[in-house]
Amino acid sequence: MSDLSIELHWHRAEPGFQPGGYSAEHVVRYNNSYEVQADAAPDWGGKAENTNPEQALASALSSCHMMTFLALAAKANWPVASYHDHAVAHLGKNPKGQMSVTRIDLHPVVRFDTGFAVEDKKLEEMQDRAHRYCFIANTLAESVEINIL
């Protein structure tokens, strides 16, 4: 199958390296061209304007779910005009007592071309199918609760 990669670069900006005395700010490079400033979550000393790994995980799940939904909707001849999601990663302790992303909530809103409508039940079924076929959801299936609201 495929091997997909990123490049990550961090360097210490402070003179010393002590617990709580260094920045975790770093750069993640995609496809050798696009860079994202990343950091720890603000609760752990990161800058709020940078993305953090927990947001990136929610983004990966949301993006994968959307692409899976779009593929299924296209096969069903549903003319999707737009798709919007607000994904939220929730932190907490997992069953082993470790800090973890314990739940990710997706809030997809799908709009169709004018004149096309789908019953709510059919839309929910399609969202459920997208969840079951999503690569990232299947990767997280054993450890993270995923809700599609």
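Residues numbered from 1 in each chain as written. Predicted model: local features only at pLDDT ≥ 70, side-chain atom pairs only at ≥ 80, totals over all residues. Heavy atoms only, no water.

**Thoughts on the overall build of the chain**
- Within the chain, the secondary structure is distributed over three helices and eight strands.
- Walking the chain from its N terminus toward its C terminus, one meets helices and strands in the order β-β-β-α-β-β-β-β-α-α-β.
- Computed over the C-alpha atoms, the radius of gyration of the chain is 19 Å, more than 25% above the 15 Å expected from 2.2 N^0.38 for a compact globule of 149 residues.
- C-alpha extents for the chain along the principal axes are approximately 65 × 40 × 30 Å. (Helix = DSSP H or I, 4+ residues; strand = E, 2+ residues; numbered from the N terminus. Rg over C-alpha atoms; globule rule 2.2 N^0.38 Å.)

**Focus on the side chain of N94**
- Position of N94 among the secondary structure elements: in the loop between β5 (88-93) and β6 (99-106).
- In this structure the side chain of N94 is engaged in a polar contact, spanning 2.9 Å, whose partner is the backbone nitrogen of K96.
- When residues no more than four places from it in sequence are discounted, the contact partners of N94 are S100 and T102. (Polar contact = N/O pair within 3.5 Å; in protein donor to acceptor, adjacent residues only side chain to side chain. Contact = heavy atoms within 4.5 Å.)

**Observations regarding the sheet that holds strand β3 (residues 34-38)**
- As summarised here, the arrangement of the three strands in space is β1-β2-β3, forming an open sheet in which the pairing is antiparallel. Of all strands in the sheet, those with a lone pairing partner are β1 (6-9) and β3, marking the two edges. Taken over all neighbouring pairs, the strand axes of this sheet differ in orientation by 20° on average, direction set aside.
- Bridge analysis of strand β2 (residues 26-30) against β3 gives five bridges, and the strand direction is antiparallel. Bridged to V27 within β3 is Q37. (Pairing = 2+ DSSP bridges. Axes fitted to C-alpha atoms, helices over the stretch in contact; angles between N-to-C directions.)

**Comments concerning the pairing of β2**
- Alignment of β1 against β2, held across four bridges, turns out to be antiparallel. Within the sheet, the bridge partner assigned to L8 lies in β2 and is V28.
- A loop of three residues connects β2 with β3, the two strands running antiparallel in sequence, and N31 in this loop sits at a positive phi of about 50°.

**Quick word on helix α2 (residues 120-133)**
- End to end, α2 covers 20 Å across 14 residues, agreeing with the expected 20 Å (1.5 Å per residue, within 8%).
- Listed as buried for α2 are M126, Q127 and A130. Around the axis of α2, the buried residues are gathered within 100° of arc, so they sit on the same side. Away from its buried face by more than 90 degrees, α2 exposes K121 and E124. (Expected span 1.5 Å × (residues − 1). Buried < 20%, exposed > 50% of the residue type's maximum accessible area, 1.4 Å probe, protein only. Arc of directions from axis to C-beta.)

**Brief notes about the sheet that holds β6**
- Ordered by their spatial adjacency, three strands build an open sheet running β5-β6-β8, and the pairing between neighbours is mixed. Two strands lie at the open edges of the sheet, namely β5 and β8 (145-148), each paired on one side alone. Between one strand axis and the next, the sheet turns through 25° on average, direction left out of account.
- Summarising the sheet, β6 and β8 pair through four bridges and their orientation is parallel. Residue pairing for β8: D105 is matched across the bridge by N147.

On their own, these measurements won't tell you what the molecule is for.
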